Amino acid sequence: MTATMKGPSAAFRLTTDMVSERDRVEVMREVYGRTVLKVDLDPLGPTRVDIKVRALPGLGIATGTCSEFRVHHSTSLIESDDLILLAALDGASVMKHRGREEAVGNGQALMMSGEEVGLNLIQPGGLRFVNMSFSLKQLSPLIGDPAQVLMRPLPAGSGAMRLLLDYVQSIQDAGDALTPEALHLATTHMFDLAALAMGATRDAAEIARGRGVRVARLRAIKADIVAHGGHGDLSAEDIARRHRLSARYVRKLFEGEGMSLSDFMLRQRLLRAHRMLSDPRHAGRSITAIAFEAGFNDLSHFNRAFRRCYDATPSDVRAAALKD
């Protein structure tokens, strides 16, 4: 599948649950296939789709899941010379393009040309994917000869490609919370990471490592910390080991944003405690129990940090929530 929307930033979600079963195939073909993606879609089984699409200047993104499809990019639907990337996160697809056939399975990615015909056969069981279309004009200066990357299997489980896919997902998860300025920066970072994953020129690689890679790594580390609630037993060494970095480098990433790793982790623990104190479902639990669950092992430290952060005591926050 290809995401080829252009122009100002726009995003929407499409699921088959939004469409009656009677009209499902027709809507997928005409609205999502020919109008949005500029491809012919032919279901090869029961039709199931849950996809988020986002358009940014020079960049289109589609992420989600779909059932078994035949996706044909025919001559009559060619409208751009974009470079199209498909990454299979789960499931498999067979790509036919430029006289070659390549299977794209779990943890693999493949690049095609949007100005040439191509066929994508999504295999039984469906596909969870990240699909991107890059402006050839914007990407080609970063990678030299674009033809060198077409129909060449790219590993998606590590390195710059893994950073790119994680970064894309974080942008999709953020939804409309991102400002136009943040989306503009994110677009630049995604081009940086794509170039590194495909084989950037020396100059482009040097810029990307100091810009897109740094931002993507920091975003991934922050998401990791948030997912763990900033637990008190989570150390810089633990985080560094999971992301295959040095603890010193992880700390420097945060220092580059004017904060320390420990301050960010403390903030996440306080946020978790604040959410629980504000939730009537936790009204029967003691403040001490909530503090320990949020990752604090010293109640005095928790009380001081909480008051400093919220200009209120934990008891004040709980009382205000119960009053409402």
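Predicted model, so just to flag it, every value in this text is computed and none were measured. (Residues numbered from 1 in each chain as written. Predicted model: local features only at pLDDT ≥ 70, side-chain atom pairs only at ≥ 80, totals over all residues. Heavy atoms only, no water.)

## Here we look at the overall build of the chain
Within the chain one finds twelve helices and ten strands. Oriented by its inertia axes, the alpha-carbon framework of the chain measures out at about 70 × 55 × 35 Å. By the burial criterion, 48% of the 324 residues in the chain qualify as buried. Expressed as a percentage of contacts within the chain between residues at least 6 apart in sequence, the contacts between residues at least 24 apart total 70%. When the accessible surface of the chain is split by element, carbon and sulfur atoms take 51% of a total near 15700 Å². A distance of 5 Å separates the average location of the 42 positive side-chain charges in the chain from that of its 38 negative side-chain charges. (Helix = DSSP H or I, 4+ residues; strand = E, 2+ residues; numbered from the N terminus. Buried < 20%, exposed > 50% of the residue type's maximum accessible area, 1.4 Å probe, protein only. Contact = heavy atoms within 4.5 Å. Areas by Shrake-Rupley, 256 points an atom, 1.4 Å probe, with all protein chains shown as cover. Lys, Arg positive; Asp, Glu negative; His and termini not counted. Charge placed at Lys NZ, Arg CZ, Asp CG, Glu CD.)

## Section: helix 8 (residues 247-255)
Of the positions making up helix 8, those classed as buried are Ala247, Val250, Leu253 and Phe254. An end-on view of helix 8 places all buried positions within 115 degrees of arc, on one side of the element. Across helix 8 from its buried face, at more than 90 degrees, point the exposed residues Arg248 and Glu255. For helix 8, the secondary structure elements touched by its buried residues are helix 6 (212-227), helix 7 (236-242) and helix 9 (261-277). (Arc of directions from axis to C-beta.)

## Considering the environment of arginine 162
Within the secondary structure, arginine 162 sits in helix 3 (residues 159-174). Linking arginine 162 and glycine 107, residues 55 residues apart in sequence, is a C-alpha distance of 9.2 Å.

## Description of the pattern of salt bridges
Pairing between side chains of opposite charge can happen when the charged atoms of each approach one another. On inspection of all chains with the given rule, the structure shows 16 salt bridges. The salt bridge involving aspartate 23 is made with arginine 22; its shortest N-O contact spans 3.5 Å. The partly exposed category is assigned to aspartate 23, whose relative accessible area is 32%. Measuring nitrogen to oxygen at the nearest pair gives 2.8 Å for the salt bridge that ties arginine 100 to glutamate 102. Among the residues examined, glutamate 102 registers a relative accessible area of 17% and is labelled buried. (Salt bridge = Lys/Arg side-chain N within 4 Å of Asp/Glu carboxyl O.)

## Side note on helix 2 (residues 136-143)
Every buried residue belonging to helix 2 is among Leu136, Leu139, Ser140 and Ile143, and all of these are buried. Each buried residue of helix 2 lies within a common arc of 105 degrees when the element is viewed along its axis, so the set occupies one face. Opposite the buried face of helix 2, at more than 90 degrees from it, the exposed residues are Lys137 and Pro141. Its buried side turned inward, helix 2 meets strand 6 (83-97), strand 9 (118-134) and helix 4 (180-198). Downstream of helix 2 by a residue or two, glycine 144 has a phi angle that is positive, lying close to 80 degrees.

## Observations concerning the nonpolar core
Met132 and Met190 are the most contacted members of the largest nonpolar core, which has 42 residues in total. With ten residues, helix 4 is the largest single contributor of residues to this core. If sequence neighbours within four positions are ignored, methionine 190 has contacts with Leu56, Leu59, Ile61, Met132, Phe134, Leu164, Tyr167, Val168 and Ile171. Tyr32, Cys66, Val104 and Phe129 belong to the second largest nonpolar core, which has 24 residues in total. (Core = buried A, V, L, I, M, F, W, Y, C linked by side-chain atoms within 4.5 Å.)

## Section: the packing of aromatic side chains
The tally for this structure, following the rule as stated, stands at five aromatic pairs. Geometrically, the ring pair formed by phenylalanine 254 and phenylalanine 264 is tilted, given 5.4 Å between the ring centres and 45 degrees between the ring planes. With phenylalanine 254 in helix 8 and phenylalanine 264 in helix 9, this pair connects stretches of sequence that are ten residues apart. Overall, phenylalanine 264 belongs to the buried group, its relative accessible area being 11%. Chaining the aromatic ring pairs together yields one cluster made of Phe296, Phe302, Phe306 and Tyr310. A cation over a ring is seen here: arginine 219 above tyrosine 167, with NZ or CZ 5.1 Å from the ring centre. (Phe/Tyr/Trp six-rings, centres within 6.5 Å; stacked < 30°, edge-to-face > 60°. Lys NZ or Arg CZ within 6 Å of the ring centre and 35° of its normal.)

## Side note on the packing of helix 2 against helix 4
The geometry of helix 2 relative to helix 4 is characterised by a closest axis approach of 9 Å and an angle of 50 degrees between their N-to-C directions. Compared by their axis directions, helix 2 and helix 4 come out oblique. The crossing of helix 2 and helix 4 is right-handed. Residues Gln138, Leu139, Leu142 and Ile143 of helix 2 lie in contact with helix 4, whose contacting residues are Phe191, Ala194, Ala195 and Met198. Across the contact of helix 2 with helix 4, the residue classes break down as seven nonpolar, one polar and no charged. (Axes fitted to C-alpha atoms, helices over the stretch in contact; angles between N-to-C directions. Parallel < 35°, antiparallel > 145°, perpendicular 65-115°, else oblique. Left-handed = near helix turned anticlockwise from the far one by under 90°. Nonpolar A, V, L, I, M, F, W, Y, C, P; charged D, E, K, R; others polar.)

## Focus: the side chain of serine 113
Counting through the fold element by element, serine 113 comes out in strand 8 (residues 108-113). If sequence neighbours within four positions are ignored, serine 113 has contacts with Asp82, Leu83, His97 and Leu150.

In short, shape yes, function no, at least from these values alone.
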